[in-house]
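# An overview of the molecular structure
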Amino acid sequence: TITASELYDWQMSLNDKYDKATTTNSYRATARAIWKQLKKQGIQVCDVVDVFEFRPEERGVKAISELNYWKELASSGLRDAAMAALVTESGIRRGGLAGMRLSTTEFWISEIGEQCLATKVVEKGDKPRIAFGLDLSAKLVKTWLDVRKSYLIALRVAEHDHVWIATDSGKLLLYEDSKVTR
């Protein structure tokens, strides 16, 4: 049997060692879990409600930082899926992908309600052309641009005109990095 006074003395000794709130909450949560297990095993323990200074336990998802949220979205394959769809629908080459700019990319809704995009690209032979993306690539690229913008802000990288960025740094995506399996 563990008495309330023994438990109280133990808590006071731990309070002296762990004065930071996060550490205190961690050890209290651990103590609560241990007590539940002891009770389940039939061991007689005192009621901890009046002994421990427990804060009400909040249930929910652990928060992640804003930077990590955008980093997860940026590296989740959205960028690569958008590039693959655009390459498939428009025939843009790697040089065209690496050279795509926000300022020369436009989105609109077609007469039948599908999203479309047009972008000016300069590819092989330095000849500019307009490439078109259909519903899937337009939706993916548009979603990527929303994630890209917020990710650059979270990384504190200055906004630039390039559509495609490296997902680990926010820097410009180089020609060598714009490989898309055909």
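Higher on the page you've got the structure.
Residues numbered from 1 in each chain as written. Predicted model: local features only at pLDDT ≥ 70, side-chain atom pairs only at ≥ 80, totals over all residues. Heavy atoms only, no water.

## Topic: the overall build of the protein chain
Counting its regular elements, the protein chain contains 5 helices and 3 strands. Helices and strands in the protein chain line up, N terminus first, as α-α-α-α-β-β-β-α. Per-residue burial for the protein chain yields a buried fraction of 35% across its 182 residues. Approximately 12,000 Å² of the protein chain is accessible, and the part contributed by carbon and sulfur atoms is 54%. (Helix = DSSP H or I, 4+ residues; strand = E, 2+ residues; numbered from the N terminus. Buried < 20%, exposed > 50% of the residue type's maximum accessible area, 1.4 Å probe, protein only. Areas by Shrake-Rupley, 256 points an atom, 1.4 Å probe, with all protein chains shown as cover.)

## Re the pairing of strand S1 (residues 105-109)
Judged from the 5 bridges that link them, S1 and strand S2 (residues 115-122) form a sheet pairing that is antiparallel. Within the sheet, the bridge partner assigned to glutamate 106 lies in S2 and is alanine 118. The antiparallel hairpin formed by S1 and S2 contains 5 residues in its connecting segment, where glycine 113 sits at a positive phi of about 85°. (Pairing = 2+ DSSP bridges.)

## A short note on the pattern of salt bridges
For the structure on display, the rule yields 5 salt bridges. Put simply, glutamate 123 and arginine 93 hold a salt bridge, and the shortest N to O gap is 4.0 Å. With glutamate 123 in the loop between S2 and strand S3 (128-133) and arginine 93 in the loop between helix H3 (66-90) and helix H4 (94-98), this pair connects stretches of sequence that are 30 residues apart. Judged by its relative accessible area of 42%, arginine 93 falls in the partly exposed class. Its salt-bridge partner being arginine 148, residue glutamate 159 comes within 2.7 Å of it at the nearest N-O pair. Linking glutamate 159 in the segment after helix H5 (135-155) with arginine 148 in helix H5, this pair joins segments that are 11 residues apart in sequence. One continuous salt-bridge network, built from bridges that share partners, spans Arg93, Glu123 and Arg129. (Salt bridge = Lys/Arg side-chain N within 4 Å of Asp/Glu carboxyl O.)

## Quick word on the sheet that holds S1
Sheets are built from strands that pair by backbone hydrogen bonding, the pairs being arranged parallel or antiparallel. As summarised here, the arrangement of the 3 strands in space is S1-S2-S3, forming an open sheet in which the pairing is antiparallel. Looking at which strands have only one partner, the edges of the open sheet turn out to be S1 and S3. Strand-to-strand twist in this sheet, taken as the mean axis angle between neighbours without regard to direction, amounts to 20°. Sheet strands touched by H3: S2 and S3. Its angle to S3, the strand with the most contacts, is close to 110°. H5 contacts S1, S2 and S3 of the sheet and is inclined by roughly 75° relative to S2. (Axes fitted to C-alpha atoms, helices over the stretch in contact; angles between N-to-C directions. Contact = heavy atoms within 4.5 Å.)

## A word on the pairing of S3
Strand residues, when the strand is regular, have side chains that alternate between the two faces of the sheet. Across 6 bridges, the pairing between S2 and S3 is antiparallel. Each bridged residue has a counterpart across the sheet, and for alanine 118 the counterpart in S3 is phenylalanine 132. Where S2 folds back onto S3 in an antiparallel hairpin, the turn is made up of 5 residues, including glycine 125, whose phi is positive at roughly 80°.

## Observations concerning the packing of aromatic side chains
Enumeration according to the criterion identifies 1 aromatic pair in this entry. Each ring, one from tryptophan 144 and one from tryptophan 164, has its centre 6.3 Å from the other, and the planes form 15°; the classification is stacked. With tryptophan 144 in helix H5 and tryptophan 164 in the segment after H5, the pair connects residues that are 20 residues apart, well separated along the chain. Owing to a relative accessible area of 2%, tryptophan 164 belongs among the buried residues under this scheme. (Phe/Tyr/Trp six-rings, centres within 6.5 Å; stacked < 30°, edge-to-face > 60°.)

## Observations regarding unusual backbone geometry
Even without a glycine there, the phi angle at arginine 156 is positive, about 60°. As for its position among the elements, arginine 156 is in the segment after H5.

Bear in mind that shape data such as this cannot, by itself, settle questions of function.
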